[in-house]
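# Summary of structural features
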Amino acid sequence: GPTQVLRKSLQRGVVLSTGTFLVYEAHKLISGFAEVHASFKVEDVIEQADYLYGSGETEKLYRLLVQHKNSDDAELLWRLARSSRDLAQLGSTSAEEKRQLTYDSLEYAKKALEKNESNFAAHKWYGICLSDVGDYEGIKTKIGNAIIIKEHFQRAIELNPKDATTIHLIGIWCYSFAEMPWYQRKIAATLFATPPTSTFQEALRYFHMAEEADPNFYSKNLLFLGKTYLKLNNKKMALLWLSKAKEYPAQTEEDKQV
């Protein structure tokens, strides 16, 4: 009779809702796995990225990391900033691409900092990329950003006192302010109540600190130790460091220039 039909359809309704419930539960399970899998994936990508970086595979590395430009992971984002910058530095990169990549790298570094303020590398690359963008924005912006850049480098060293490259970069900062031409000093004086200044002695201190943190880590640090000693009229020490820079086994394009 009709009651039987009704009971059957009610049962089917229950079965159907149980079925959808099971599908829903399965979906929850699967997406749960996907989330777990995604966090593993970040480590995998970073591992792969570091391998490519070590092998000097600049284009491959960029292609790998740029897929993750919407990531929330600071470790991925600062590596993408570095990678964009490395690609910009290649001789085969056009002027227009170079400009675009330079601005992109600053965006990625900024995002890395937003995601994790206590990541030392995010501070370091934010400082580097902000400095690079200054080359396009003109001397006023470059000098105006100088204090921000130095603050990020110093924060990076607070977070990782062993990072020789950042210590070297503060040395470079000090060196460029110590040798700043008068017309740039005039610009600095209009931008700041107390314009940033430095001395070659201060620069020398940072280059030596970098060398202590990681001896012989970078041809350019050796070069700048030599150059700074020359500025301080110590030819004997200058010769020592310049000889070391000259004998440095050249691996990168920069080493060759040094």
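Residues numbered from 1 in each chain as written. Predicted model: local features only at pLDDT ≥ 70, side-chain atom pairs only at ≥ 80, totals over all residues. Heavy atoms only, no water.

The subject of this paragraph is the packing of helix 6 (residues 139–159) against helix 8 (residues 182–191). Contact geometry for helix 6 and helix 8: axes closest at 10 Å, N-to-C directions at 60°. Relative to helix 8, the element helix 6 lies oblique. In this structure, helix 6 meets helix 8 at a crossing whose hand is right-handed. For the pair formed by helix 6 and helix 8, the contact residues are Ile 139, Lys 140, Ile 143 and Gly 144 on the first element and Gln 184, Ile 187, Ala 188 and Leu 191 on the second. (Axes fitted to C-alpha atoms, helices over the stretch in contact; angles between N-to-C directions. Helix = DSSP H or I, 4+ residues; strand = E, 2+ residues; numbered from the N terminus. Parallel < 35°, antiparallel > 145°, perpendicular 65-115°, else oblique. Left-handed = near helix turned anticlockwise from the far one by under 90°. Contact = heavy atoms within 4.5 Å.)

Given a rise of 1.5 Å per residue, 15 residues ought to cover 21 Å, and the 21 Å separating the end C-alpha atoms of helix 7 (residues 164–178) matches this to within 8%. Summarising burial for helix 7: 12 of the 15 residues are buried, a large majority. Its buried side turned inward, helix 7 meets helix 5 (120–137), helix 6, helix 8, helix 9 (200–213) and helix 10 (219–231). (Expected span 1.5 Å × (residues − 1). Buried < 20%, exposed > 50% of the residue type's maximum accessible area, 1.4 Å probe, protein only.)

Taken as a whole and assessed by the stated rule, the structure comprises 11 salt bridges. Salt-bridge contacts for Asp 50 lead to Arg 79; the nearest nitrogen and oxygen are separated by 2.8 Å. You can see Asp 50 sitting in helix 1 (residues 2–54) and its partner Arg 79 sitting in helix 3 (residues 74–89), a full 29 residues away along the chain. For Asp 50, a relative accessible area of 32% puts it in the partly exposed group. Residue Arg 79 is classed as buried on the basis of its relative accessible area of 9%. A salt bridge links Asp 163 to Lys 124, with the nearest nitrogen and oxygen atoms 3.1 Å apart. Taken together, the positions of Asp 163 in the loop between helix 6 and helix 7 and Lys 124 in helix 5 put the pair 39 residues apart, joining distant regions of the chain. Judged by its relative accessible area of 8%, Lys 124 falls in the buried class. Here the residues in one salt-bridge network are Asp 50, Glu 75 and Arg 79, joined through shared partners. (Salt bridge = Lys/Arg side-chain N within 4 Å of Asp/Glu carboxyl O.)

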